Amino acid sequence: MSIVTVQLGQCGNQIGHEVFSALCSDIRGTHGLCSKKENESYQESCMERFFCEEESGVPVARAVLVDMEPKVISQTLSMAARSGHWKYNSHSHFCQKQGSGNNWANGYSVHGPRHKEAIMDLVQKEAEKCNRLGGFLTIMSMAGGTGSGLGAFVTQSLRDAFPTSFLLNHVVWPYGTGEVIVQNYNSVLTLSHLYHSSDALLVHENDVIHKICAQLMNIKQISFRDVNQVIAHQLGSVFQPTHTAGGGSGYSRNPLGDLLEPLVPHPEFRMLGLRNIPQMAESSLAYSAFSWPGLIKHLRQILIANAQMEEGIDWQVRPPHPGSSISSTNKPLHFNTSIANLVILRGKDVHSVDLGSFQDPSLYTSWLNPQDAFNAWKTPRAFNKYEKSASLVSNSQFLLKPLDSIVGKAWNMFASKAYLHQYTKFGIQEEDFLDCFTTLEQVISSYTNL
C-alpha cells in the first residue's frame, strides 16, 4: 500500500525532502546484510510505499508540496532533481507569493479556505496514482503560520475528503526559546485542531534533536539541515518495510494502519514519541560494536526514564513493583507510564532478540493487556549505515511535560491578551482560544492520570 506525503510550509518541505533522500539512499545502499531475495523485496516494498515509477526510471516521490511563498519549494524541487536518484512530480506543488507571517489565523482562516480546492485537487491526483492508498502522512511545524495554520486546515480537509483513510501528522515541536514570539499560541491552536481530525500525532522536539546533533553526532555548528537529517533518519527507521508480528513472510502491507491500530487504542491518547538507537557520527561507526541485549536494555531504560537519547539516561528509574496498587500520584518519580509501545528492529540476527522486558505489565496502564500494548516489527535488512538498529514508537507520557509547558506559556500570554488582536483580525476569537485550551487541558489530564 502507498502513502501520500503532504509537505506543509518551510519546515514540512525541508524535512520531507530529507525523508525521501534518506529512504532513497537506504534502498540504494549495499549494506543490506541480508539475502539478495530479501533485499529485492525490501526495495520493491519501499518503492511502492513512497515512490511511483516513471518511464525515465527515476523514482518520483508520492508527495504534494504546499507553501505560501515560492522560495523553499523551488529549492526543494531542484535539490531532489539534481540528486539524480529521485525527484518530485513537477506538477504536485502549490505556492503563493506572500507567506502567512507566522500567524496561525492567517494560514487557517484566510489561505486555507482560499486555496482549498487547488490543494485538495493535487492530493486527489496523487491518491489516484496509488494502486492501493494506505493513507496520508503530513509533515509540518507548529510554530509558524503556514505549516501550522494551513496545515491544520488541510488536515481537516483530508479527513473530510478521505474519511476512512489513515491520517498521521508528523509535527515538529518548536525550540523552547523559539524565534517566533507567538509560537505558543500557534502550537496550542495547531495541536487542538489536529487532535480532532488526525489519527495520531508523531512528534519531534527541536530541542531534543538539537542535543542529538551536538552530543551524539558531534556536529559543531548545527544547521536546520543537520536537525532535519536526524528527524528523517528516525522517520525512515519506522516507515521502511518490516515484517510485522503474525504478518507471515512478506513485508507489512499497510504501514500506517499497522502503526496506528496497536498504538492508538483510545481517541483520547494520540501523542506518539519516537526514539532511535544507535545514532552517531559516521567517523565513530568503525570503532563501535553493538549487541542486541545492550541496545534493548538501553531502549527500555530510555522508555521508562523518559530519556531523550542513549546518553545521559537516568538508570535509577525503576518500574513500580507489580501488584502494588499505587495511584498515579504516588508513582516512582520520573517513571514514564505507557499506553502502548512498538519496537522496530533492523539488522542481523534480529529474529533471536528477546523483547520480554518490554512486556512487563508494570510499564503499562492497567486498562490494557500488556500482550496487546506491546508490538514488535523486525527485518534482517539493516537500515542506512547501522548493522543493528532499534526504534521505539511510544504512546506514553513522553510529551506530557513539553505539552504542559507550552499550554502554560500560551495561557499566560492569553491572560494578558498579548498579541490577540493579530488573531481576531483574521476571525479567530477569544472563545476559539478557550476551546483549544480546554481540549489540551483534557489531554494533559488524561496523560497525567495514567
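- The chain is annotated in an unreviewed UniProt entry as Tubulin delta chain from Rhadina sibilatrix.
- In its Cofactor (unreviewed entry) section, UniProt records this for the chain: "Mg(2+)".
- Note on the chain: under the UniProt heading Function (unreviewed entry), the record states "Acts as a positive regulator of hedgehog signaling and regulates ciliary function."

## Comments concerning the sheet that holds strand β3 (residues 60–61)
Here comes step 1: The strand order β2-β3-β5 describes an open sheet built from three strands, whose pairing is mixed. At either margin of the open sheet sits one strand with a lone partner, and together these are β2 (51–52) and β5 (87–88).

## Comments concerning the pairing of strand β12 (residues 338–347)
Here comes step 1: Within β12, 10 of the 10 residues are buried, which leaves it mostly tucked inside the rest of the structure.
Here comes step 2: Direction of pairing for β12 relative to strand β14 (residues 388–396): antiparallel, over a ladder of nine bridges. Following the sheet pairing, A340 is matched in β14 by N395.
Here comes step 3: Here six bridges tie β12 to strand β13 (residues 374–379), and the two strands are oriented parallel to one another. By the bridge assignment, N341 is partnered in β13 with F374.

## Some thoughts on the domain arrangement of the chain
Here comes step 1: One can read the domain layout of the chain as domain 1 (2–271), domain 2 (288–322 + 334–397) and domain 3 (401–449).
Here comes step 2: Domain 2 and domain 3 are separated by 33 Å when their C-alpha centres are compared.

## Focus on the side chain of Q234
Here comes step 1: Assignment of secondary structure puts Q234 in helix α8 (residues 224–239).
Here comes step 2: Within the local environment of Q234, its side chain forms a polar contact with the side chain of H204, the two groups lying 2.8 Å apart.
Here comes step 3: Not counting residues within four places of it along the chain, the set of residues in contact with Q234 comprises H204, I212, L274, N276 and Q279.

## Quick notes on the sheet that holds strand β4 (residues 63–67)
One key point about sheets: their strands pair by backbone hydrogen bonds, in either a parallel or an antiparallel sense.
Here comes step 1: Strand order in the open sheet formed by 11 strands is β6-β4-β1-β7-β8-β9-β11-β14-β12-β13-β10, with mixed pairing between adjacent strands. Looking along the sheet, the strands with just one partner apiece sit at the ends: β6 (93–95) and β10 (243–244).
Here comes step 2: Where strand β7 (residues 133–141) lies against strand β8 (residues 166–173), seven bridges are found, and the strand directions are parallel. Each bridged residue has a counterpart across the sheet, and for G135 the counterpart in β8 is F166.

## Structural notes on helix α7 (residues 206–216)
Here comes step 1: Turning to α7, its buried residues number three or more, namely N206, V208, I209, I212, C213 and L216. One side of α7 carries all its buried residues, which in axial view fall inside an arc of 170°.
Here comes step 2: Summarising the contacts, the buried residues of α7 are in contact with β8, β9 (200–205) and α8.

## Quick look at the packing of aromatic side chains
Here comes step 1: For the coordinates displayed, the defined rule picks out 20 aromatic pairs.
Here comes step 2: With a centroid separation of 5.5 Å and an interplanar angle of 35°, the aromatic rings of W411 and F414 are classed as tilted. Residue W411 and its partner F414 are located together in helix α13 (residues 400–415), separated by three residues, close to a single helical turn.
Here comes step 3: Among the residues examined, W411 registers a relative accessible area of 41% and is labelled partly exposed.
Here comes step 4: We classify F414 as buried; its relative accessible area is 7%.
Here comes step 5: Cluster of aromatic residues (ring-pair linked, three or more members): Y185, W411, F414, Y423, F433 and F437.
Here comes step 6: Over the ring of F383 we find R346, and its NZ or CZ is 5.8 Å from the ring centre.

What counts and how
- Residues numbered from 1 in each chain as written.
- Predicted model: local features only at pLDDT ≥ 70, side-chain atom pairs only at ≥ 80, totals over all residues.
- Heavy atoms only, no water.
- UniProt positions renumbered as here; feature names shortened; annotations may be inferred.
- Pairing = 2+ DSSP bridges.
- Helix = DSSP H or I, 4+ residues; strand = E, 2+ residues; numbered from the N terminus.
- Buried < 20%, exposed > 50% of the residue type's maximum accessible area, 1.4 Å probe, protein only.
- Domains from an automatic or database assignment.
- Polar contact = N/O pair within 3.5 Å; in protein donor to acceptor, adjacent residues only side chain to side chain.
- Contact = heavy atoms within 4.5 Å.
- Arc of directions from axis to C-beta.
- Phe/Tyr/Trp six-rings, centres within 6.5 Å; stacked < 30°, edge-to-face > 60°.
- Lys NZ or Arg CZ within 6 Å of the ring centre and 35° of its normal.

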